[in-house]
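These are the residues of each chain, in order.
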Amino acid sequence: MVGLTIGMVATLVILNVMVMFDARRRSVSSGADAQVNAAFASTWLAKELRSAGHGLGPSTVLGCKVHRAAAGTPDANFTLAPVTITQGDDGAPDTLVVLAASEQALPAARLIAPYTVGSGTVTLDSILGIAEGTQLLLHTAGQTDCALLSVAAMSIGAYTIQPTEVSGLLSGVVFATDSAVVNLGRLRYRRLMVDSAQRLQLSDFNTSSSGWTTSTQSDGIVNLQLQYGFDTRIGTQASPQVNHWSDVMVDADADGLTGNAGDLQRLVAVRFALVVRSAQRREASCDAPIPTWLAGDETGELVTTDISLAHIPQWRCWRYRVLQAEVPLRNQLWRDL
């Protein structure tokens, strides 16, 4: 009986040690996985932001409404901005849209004759870098609408191109002589968001087929928070710096208009926070603290701010990590005036 009792006690001790070891192993393993997911997701997000604004043309073009198809077509028009942030409802994950050209950044060509949208030919002062399939952005100073055209054919020995005919695209609108013609190559129109399955999704928009191609970049991402960084100091600055962080576009140049070229020229950085969740649920207690990050308040100053996880059922029963970073928009900083 004594031997049996000792054996049972030893068995209970061994089982308890094994259970504790397995729980600790799973906790460490899930924590490591979460860190890897967070590191990969933040690296990828920073990479996308560093490409934002490449080759979109002179700064005066920013803020125009780009028309690429007839009204009613998916993404028929969009604002020409290096990045666009859409805030999630009630603290839900934000969505980021990034625009960039695939072509090497070159000075914009110019129209040497007026072009009426829908007519047969576009006459330029240069066709450097332009080929069949190239996408061209037409912009007239002071005009809020831009046109996105695809080159169907080029005339040999002349500076004229034939755009692909698009029914209903700014029909009859005239772009005057000396209007800018920006060679985008193939427009990179990308969207990053967190889906309902806690995955960071990257979607590429095909401007020809009007369709999105989506791929998963990282798992275990439960929230993505984003803010614009503006330089709102008066006058032209030799060394741009962020002095105002905001969830939304602001009148950065104080001209009474919000979201125009002057404001976008002062957009110099993006701040983001990624919240990752461990795969292992905490069985012992559901008392996880609410995650926080440094974000701009109503005055644009950075303060410690809660990140809502209310969109996740029983969110307090998991462990979380927050990775945050500021990414300078280098193509904005290096852009020609």
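A brief report on the enclosed structure follows. (Residues numbered from 1 in each chain as written. Predicted model: local features only at pLDDT ≥ 70, side-chain atom pairs only at ≥ 80, totals over all residues. Heavy atoms only, no water.)

1. Notes on the sheet that holds strand β17 (residues 244-246)
- Spatially, the four strands line up as an open sheet ordered β17-β16-β18-β21, and their pairing is antiparallel. Two strands close off the open sheet at either side, each with one partner strand: β17 and β21 (320-328). Here the strands of the sheet are splayed against their neighbours by 25° on average, with no regard to which way each runs.
- For strand β16 (residues 221-230) and β17, the ladder comprises three bridges, and the chain directions are antiparallel. By the bridge assignment, Y228 is partnered in β17 with S246. (Pairing = 2+ DSSP bridges. Helix = DSSP H or I, 4+ residues; strand = E, 2+ residues; numbered from the N terminus. Axes fitted to C-alpha atoms, helices over the stretch in contact; angles between N-to-C directions.)

2. Section: the state of the cysteines
- Following the criterion strictly, the structure yields two disulfides and no others.
- One disulfide in the model links C64 with C146; its S-S distance is 2.1 Å. Between C64 and C146 the disulfide shows an S-S torsion of about -125°. By sign, it is left-handed. Placement of C64 in the loop between α1 (2-51) and β1 (65-67) and of C146 in strand β9 (residues 145-154) is noted, with a sequence separation of 82 residues between them.
- By relative accessible area, which is 4% here, C64 ends up buried.
- Across the disulfide from C286 sits C317; the S-S distance is 1.8 Å. A torsion of 105° about the S-S bond marks the disulfide between C286 and C317 as right-handed. Within this pair, whereas C286 is found in the loop between β18 (267-277) and β19 (292-296), its partner C317 is found in the loop between β20 (302-306) and β21, the two being separated by 31 residues in sequence.
- Given the relative accessible area of 4%, C317 is considered buried.
- Counting only the cysteines that form disulfides, in the order they appear in the protein, gives the pairing 1-2, 3-4. (Disulfide = S-S within 2.5 Å. Buried < 20%, exposed > 50% of the residue type's maximum accessible area, 1.4 Å probe, protein only.)

3. Section: unusual backbone geometry
- Backbone geometry at L170 places phi at a positive 45°, although glycine is not the residue there.
- Here L170 shows up in the loop between β10 (160-163) and β11 (174-175).
- Using a relative accessible area of 12% as the deciding quantity, one classes L170 as buried.
- The phi dihedral of S210 falls on the positive side, at around 60°, and the residue is not glycine.

4. With respect to the sheet that holds strand β14 (residues 199-206)
- One open sheet accounts for five strands, arranged β3-β4-β13-β14-β15; its pairing is antiparallel. At either margin of the open sheet sits one strand with a lone partner, and together these are β3 (83-86) and β15 (211-219). With strand direction ignored, the average angle separating the axes of adjacent strands in the sheet is 20°.
- For strand β4 (residues 95-101) and strand β13 (residues 187-194), the ladder comprises six bridges, and the chain directions are antiparallel. Residue pairing across strands places V97 opposite R191, the latter belonging to β13.

5. What about the packing of aromatic side chains?
- According to the stated counting rule, one finds seven aromatic pairs in the structure shown.
- Consider the rings of Y189 and W212, whose centres lie 5.4 Å apart with planes at 65°: the pair is edge-to-face. Here W212 lies in strand β15 and Y189 lies in strand β13, a separation of 23 residues in the sequence.
- Consider the rings of F205 and W212, whose centres lie 5.0 Å apart with planes at 55°: the pair is tilted.
- The class for F205 is buried, based on a relative accessible area of 5%.
- By relative accessible area, W212 is classed as partly exposed at 26%.
- Counting every residue linked through ring pairs, the aromatic cluster contains F78, Y189, F205 and W212. (Phe/Tyr/Trp six-rings, centres within 6.5 Å; stacked < 30°, edge-to-face > 60°.)

Spatial relationships are all this shows, so hold off on functional conclusions.
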